[in-house]
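Chain by chain, the residues:
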Amino acid sequence: QYRHYDRHIRQKIGGYAPLQSYWILMTRDILPNSSDKCYQEQQKLVDNHANSTSLPYKLPNALEAATTILMHHVRKGEYLFSNAPRTYTRCKEWVGYADNKCLPTTVGGSYFAGLDIDYDFHFSRSDDLGAACCLRLCTF
């Protein structure tokens, strides 16, 4: 379930569905040393991780992050990107908010009350906001 699912995000990307099914591999937590960095620095960390592993890792989109976190909880009963400590991953989508500002989406802060899908209101840096990375494994 969702603790918070911002209505602007829901209106903009809530109806998105991939054209075909695919498997995804996503890190179970944010990359080391990715919190308290701006979006561009976190994107570089994801790119560096991709280069060091020779695998095409990317920032997850909000649907990939939410699905992975929720399905892990259903299967294992564990909260990834949890509220203890509070952890979020930035996502690919930038969605318009009040005053025509575009901000990156975030997913995380999961615990018994549900998952947060929100904006990165801090935009520059935040201790609880890092970067996970994901890899599409195959499509069907």
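Residues numbered from 1 in each chain as written. Predicted model: local features only at pLDDT ≥ 70, side-chain atom pairs only at ≥ 80, totals over all residues. Heavy atoms only, no water.

Overview of the confidence of the model for the protein chain
Operational definition: A score from 0 to 100, pLDDT tells how confident the predictor is in each residue. Working definition: helices are DSSP H or I runs of at least four residues, strands are E runs of at least two. Numbering for both runs from the N terminus.
Taken over all residues, the pLDDT of the protein chain has a mean of 86, while the share at 70 or more is 91%. Of all the helices and strands in the protein chain, strand β1 (residues 2–5) carries the lowest mean pLDDT, 74, while helix α2 (residues 39–53) carries the highest, 94.

Some thoughts on the side chain of H72
This is how it is decided: A contact between two residues is defined here by any heavy atoms of the two lying within 4.5 Å.
Of note, H72 is situated in helix α3 (residues 62–76). The contacts of H72, once residues within four sequence positions are left out, are R28, G77, E78 and L80.

Structural notes on the sheet that holds strand β4 (residues 102–111)
Just so we agree on the cut-off: By the convention used here, strands pair only if DSSP detects at least 2 bridges between them.
With mixed pairing, five strands are arranged side by side in an open sheet as β1-β5-β4-β3-β6. One side of each edge strand has no neighbouring strand; the edge strands of this open sheet are β1 and β6 (129–130). Both strand β3 (residues 88–96) and β6 contribute to a ladder of two bridges, which runs parallel. The partner of Y88 across the bridge, within β6, is L129.

Some details on the nonpolar core
Quick reminder of the rule: Buried residues of nine kinds, namely Ala, Val, Leu, Ile, Met, Phe, Trp, Tyr and Cys, make up a nonpolar core once their side-chain atoms join them within 4.5 Å. Think of it in three bands: residues with accessible area under 20% of the maximum for their type are buried, residues over 50% are exposed, and the middle band is partly exposed, with areas taken using a 1.4 Å probe on protein chains only.
In this structure, I9, M26, I69, F81, V107 and I117 are the most contacted members of the largest nonpolar core, which totals 20 residues. Those elements that provide at least two residues to this core are α1 (7–13), α3, β3, β4 and β5 (114–119). Per-element tally for this core: the top contributor is α3, with four residues. If we ignore the near neighbours within four places in the chain, the residues touching M26 are P60, E64, A65, T68, I69, F81, A132, C133 and C134.

Observations regarding unusual backbone geometry
Located in the positive-phi region is N33, a residue other than glycine, with phi close to 60 degrees. As for its placement among the helices and strands, N33 is situated in the loop between β2 (22–26) and α2.

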